[in-house]
Amino acid sequence: MKRITLLLVAAVILPGIIAFTAPAPQHADDPAAPIFVTKIPPGYRDWRLISVSHEAGNLNSIGAVLGNDVAIKAYREGKLPFPDGTIIAALHYGHVPSAENNKVFGQAQSFVPGSPTNIQFMVKDSTKYAATGGWGFATFKDSKPADAASMKSCFPCHSQAKTSDLVFTHYAP
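Residues numbered from 1 in each chain as written. Predicted model: local features only at pLDDT ≥ 70, side-chain atom pairs only at ≥ 80, totals over all residues. Heavy atoms only, no water.

### Describing the pattern of salt bridges
Within the structure shown, the criterion is met by 3 salt bridges. In this structure, Asp69 engages Arg48 in a salt bridge whose closest nitrogen and oxygen atoms are separated by 3.6 Å. Taken as a pair, Asp69 in helix 2 (residues 69-77) and Arg48 in strand 1 (residues 48-55) lie far apart in primary sequence, 21 residues in all. In this structure Arg48 comes out as partly exposed when scored by relative accessible area, which is 40%. (Salt bridge = Lys/Arg side-chain N within 4 Å of Asp/Glu carboxyl O. Helix = DSSP H or I, 4+ residues; strand = E, 2+ residues; numbered from the N terminus. Buried < 20%, exposed > 50% of the residue type's maximum accessible area, 1.4 Å probe, protein only.)

See below:
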């Protein structure tokens with residue numbers, strides 16, 4: 001009788017011990033989860049213009065920097081740090097001469113967007129992305145996220161812009 005009782009107690013306690021000590025599965029919100037944004041925010045093409053950009057050198061691109069409503073409100077109010085929920089998108093393109101425009105101008109001076117090179121996002125979530133200054137970073141090429149190794153340079157570079165909450169782009173009124 002004592003053996004049966006002991007077996008029943010062990011049968012009840014053992015699964016509890018195993019469940020308690022087994023590693024919990026990771027969820028997307030866990031701090032150990034990737035610190036990079038892996039999905040393109042919906043509706044970003046309808047966001048408002050923050051500014052335009054031109055990057056020379058190896059990048060040789062032009063771009064439009066867009067913000068969701070939270071970003072635009074923060075920019076207009078000069079609010080730093082940016083509040084959680086801020087999302088900034090940078091749409092980058094190569095640039096090519098415009099033969100049509102240059103014909104009108106009578107000289108080579110006009111450039112227009114060429115092929116898209118990438119889309120980059122910064123997403124402010126001070127809890128989820130605490131390890132990277134409250135920002136999640138992303139680069140997408142052909143609608144696919146860049147690999148994690150290439151994303152490791154984002155935070156070290158942006159951390160140099162501490163006075164503007166890690167954001168390089170200024171609002172173009």
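### A closer look at unusual backbone geometry
Pro81 follows Leu80 through a cis peptide bond whose omega is -5°. By the secondary structure assignment, Pro81 is in the loop between helix 2 and strand 3 (87-97). Backbone geometry places Asn60, a non-glycine residue, at a positive phi of 40°. Classification of Asn60 by relative accessible area gives partly exposed; the value is 38%. For Leu166, which is not glycine, the phi dihedral falls at a positive 70°.

### Regarding the environment of His92
With respect to the element layout, His92 can be found in strand 3. We classify His92 as buried; its relative accessible area is 7%. In this structure, the C-alpha to C-alpha distance between His92 and Pro116, residues 24 residues apart in sequence, is 5.9 Å. Polar side-chain contacts of His92 include one of 2.7 Å to the side chain of Asn118. (Polar contact = N/O pair within 3.5 Å; in protein donor to acceptor, adjacent residues only side chain to side chain.)

### A look at the pairing of strand 4 (residues 111-124)
Of the pairings in the sheet, the one linking strand 3 to strand 4 comprises 10 bridges and is antiparallel in character. In the sheet register, Leu91 faces strand 4, and the bridge partner there is Ile119. Pairing between strand 4 and strand 5 (residues 135-141): 6 bridges, direction antiparallel. Looking across to strand 5, one finds that Lys124 is bridged to Trp135. (Pairing = 2+ DSSP bridges.)

### Considerations on the nonpolar core
Within soluble globular proteins, side chains that are nonpolar tend to cluster in buried spots. Residues Ile88, Trp135 and Val167 are the most contacted members of the largest nonpolar core, which totals 17 residues. Mapped onto this core, the elements with two or more residues apiece are helix 2, strand 3 and strand 5. Those residues in contact with Val167, other than ones at most four positions away along the chain, are Tyr75, Phe82, Ile88, Met122, Trp135 and Ala161. Grouped together as the second largest cluster of nonpolar side chains are 14 residues, Tyr44, Trp47, Phe121 and Tyr129 included. (Core = buried A, V, L, I, M, F, W, Y, C linked by side-chain atoms within 4.5 Å. Contact = heavy atoms within 4.5 Å.)

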